[in-house]
Amino acid sequence: LSAGSLFTEYAVVAVGATGNGVAVWYRLGVAEAARYDAAGDTWTPAETLSSSAINGPPALAADAEGNAIAAWQLSSSGVLEVARFAADANAWTTSVVPGSTAVSAPAVVLDPAGNAIAIWRSYSAAGSLTQAARYVRNTSTWTPATFLTTTGWTFGHQLAADATGNAIAVWVGS
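Residues numbered from 1 in each chain as written. Predicted model: local features only at pLDDT ≥ 70, side-chain atom pairs only at ≥ 80, totals over all residues. Heavy atoms only, no water.

(A) Seen up close, the overall build of the chain. The helix and strand inventory of the chain stands at zero helices and 16 strands. For the chain, whose C-alpha radius of gyration is 16 Å, the value lies close to the compact-globule estimate of 16 Å for 174 residues. The principal-axis extent of the C-alpha atoms belonging to the chain is close to 50 × 40 × 25 Å. Expressed as a percentage of the 174 residues in the chain, the buried residues total 44%. Residue pairs at least 24 apart in sequence account for 35% of intrachain contacts in the chain once pairs closer than 6 positions are excluded. For the chain, the accessible surface area stands at approximately 8200 Å², while carbon and sulfur atoms represent 57% of it. Averaged over its 6 positive side-chain charges, the chain has a centre that lies 6 Å from the centre of its 11 negative ones. (Helix = DSSP H or I, 4+ residues; strand = E, 2+ residues; numbered from the N terminus. Rg over C-alpha atoms; globule rule 2.2 N^0.38 Å. Buried < 20%, exposed > 50% of the residue type's maximum accessible area, 1.4 Å probe, protein only. Contact = heavy atoms within 4.5 Å. Areas by Shrake-Rupley, 256 points an atom, 1.4 Å probe, with all protein chains shown as cover. Lys, Arg positive; Asp, Glu negative; His and termini not counted. Charge placed at Lys NZ, Arg CZ, Asp CG, Glu CD.)

Shown next as structure tokens:
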């Protein structure tokens with residue numbers, strides 16, 4: 001999928017109910033993606049999603065409609081950058097989650113309506129805290145990041161959503 005290169009890693013894949021899929025990976029410092037069309041049994045050419053260098057593996061989720069969301073930490077600023085693929089527009093858009101800082105280990109989910117939730121670990125003087133934000137499809141905006149923990153150390157974040165858009169997040173913490 002990627003132009004042949006060493007330094008390709010952290011690949012993640014998400015497949016929707018129709019068999020269409022998305023792959024996102026880290027190559028030469030940036031996030032790249034390709035989409036799979038089940039009907040034509042073809043992959044799109046790889047395209048760069050991140051606005052600059054990223055740090056660590058991306059997170060990825062897809063819904064039954066063919067929409068997808070990918071998230072990663074920008075190396076230069078430490079904020080959470082997110083790319084959303086809108087199946088109806090056949091295009092990716094990239095934005096930064098407002099209020100995200102010192103991001104690490106993001107996780108994302110999409111609900112059937114195309115709304116998304118992201119959680120991640122955020123480093124601060126108080127420890128390794130958990131932050132979250134929500135993407136609202138109807139307004140194409142992210143809510144500002146909010147802290148789910150205020151002290152201690154958290155890691156191992158996992159996130160899931162049901163068919164009605166309810167989500168649950170878990171992590172290990174002290």
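(B) Representation of the pairing of strand E11 (residues 116-124) in the model. Counting buried positions over the nine residues of E11 gives seven, a clear majority of the element. Sheet topology places strand E10 (residues 103-110) next to E11; six bridges connect them, and they run antiparallel. Its bridge partner lying in E11, Val-109 is registered against Ile-117. Two strands pair when backbone bridges link them, and E11 and strand E12 (residues 127-136) are joined in this way by nine bridges, in the antiparallel orientation. If you follow Tyr-123 over to E12, its bridge partner there is Ser-128. Once E11 ends, the chain turns through two residues before running back antiparallel as E12. (Pairing = 2+ DSSP bridges.)

(C) Structural context of the layout of surface pockets. Here the largest pocket is characterised by a volume of approximately 170 Å³. What lines the largest pocket is a set of 17 residues, and nearest its centre among them are Asn-20, Gly-21, Arg-35, Tyr-36 and Gly-66. Where the lining of the largest pocket is concerned, the elements lending two or more residues are strand E2 (21-27), strand E3 (30-37) and strand E4 (42-43). For the lining of the largest pocket, the leading source of residues is E3, giving three residues. (1 Å grid on protein atoms, 1.4 Å probe; cavity = no way out; pocket = protein on both sides within 12 Å on 5 of 7 lines; lining within 4 Å. Points joined across faces, edges and corners; volume = space filled by probe spheres on them.)

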